[in-house]
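These are the residues of each chain, in order.
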Amino acid sequence: MNIQWYPGHMTKTHRMIEADLKLVDLVAEVIDARIPRSSRNPDIDELVGSKPRLIVLNRADQADPVLNKAWGKWFRDRGCAVLETDSKTGKGVDQFSNVAKEALKEQIARWREKGQVGRPVRVMVVGVPNVGKSTFINKVAKRKSAKAQDRPGVTRGKQWVAVDAGLDLLDTPGILWPKFEDQEVGRRLAYTGAIKDDIMDVEELGCTLMEELAARYPQALSDRYKLTPEPGTPGWELLEAAGRKRGFLISGGEVDLNRMARVLLDEFRGGKLGRFTLEAPEGVGANGAE
């Protein structure tokens, strides 16, 4: 399955981010804590350069807590401030202003020396589509300022959001990159809904997700679908078995694999299967051990 999705407006967004960097003091990159590597746009590092960074591990409530800590350390070791959040409930979001200002404390001290007391911190918020960026901004601002929907491609233009007298946010549209060199990255983005389902082979996506969960979190499949996956069981067999247990049958007694795949993806995205992280930092095992 060769996954590529780069609508024309993303080229415009790339140029917009590049042009607007001079307007901000800090770049906050919202990523999906379940796939911290795949949900980072590699172009952002090049675009942002030496600008101070804050990594927002969003949907941390749906990710493996041990690996949340491992990824937090990994990013801090590379000079980034880190904040774990759940933008839907707002958990962790109230710390954003403090974490952002702490990341810029030396810059803020220089402003004060120059008499620029009360100058607001300006933060650009970036991220791939459907990572919860707009919901996060709305929670930080404590009002509905940014458009937020559970599908990619909703935010199409930049939006300034004044949080308080000391903090302004610049919301930007979700941006992918022109080509996924590693198709595993494309698949994992698709699992979380960062790529539109209507360009995907949903059955194949469901099969590969089943295989990943069976390898990393087999207990989740046992708890949710009453499956006991044997090592190396093909994803389509697991999908078929789950669909049969759910009663998703069509004519001739065959399982409706498409329906089961969509249910699996919906339940994964909604956190109904448990807390999973599908990627670990370099040198860290799947269980978080170094």
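Above this text is the structure in question.
Residues numbered from 1 in each chain as written. Predicted model: local features only at pLDDT ≥ 70, side-chain atom pairs only at ≥ 80, totals over all residues. Heavy atoms only, no water.

*Asks:* Break down helix α4 (residues 96-103) for me, citing the residues and quoting the values.
*Replies:* All buried positions along α4 are accounted for by F96, S97, V99 and A100. The arc that holds the buried residues of α4, viewed along the axis, is 165°, so those residues lie on one side. The secondary structure elements touched by the buried residues of α4 are β1 (26-32), β2 (53-58), β3 (81-84), β4 (121-126), α6 (133-141) and β6 (167-171). (Buried < 20%, exposed > 50% of the residue type's maximum accessible area, 1.4 Å probe, protein only. Helix = DSSP H or I, 4+ residues; strand = E, 2+ residues; numbered from the N terminus. Arc of directions from axis to C-beta. Contact = heavy atoms within 4.5 Å.)

*Asks:* Go over the sheet that holds β3, please, and point to the residues and values.
*Replies:* On the basis of which strands lie adjacent, the open sheet formed by six strands has the order β3-β2-β1-β4-β6-β5 and mixed pairing. Edge positions in the sheet fall to β3 and β5 (159-164), since each has one partner strand and no second. When strand polarity is set aside, the average angle formed by the axes of neighbouring strands in this sheet is 25°. Bridge count between β5 and β6: five bridges; the pairing is antiparallel. In the sheet register, Q159 faces β6, and the bridge partner there is D171. Against the sheet, α4 makes contact with β1, β2, β3, β4 and β6, and its axis sits at roughly 170° relative to β3, the strand it touches most. Sitting on the sheet, α6 touches β1, β2, β4, β5 and β6, and the angle it makes with β6 is about 160°. (Pairing = 2+ DSSP bridges. Axes fitted to C-alpha atoms, helices over the stretch in contact; angles between N-to-C directions.)

*Asks:* How would you sum up unusual backbone geometry? Please name residues and give values.
*Replies:* We note that N130 has phi near 60°; this positive angle belongs to a residue other than glycine. Counting through the fold element by element, N130 comes out in the loop between β4 and α6. Of note in the backbone geometry, K226 takes a positive phi value of approximately 60° without being a glycine. Here K226 is to be found in the loop between α9 (218-225) and α10 (235-246).

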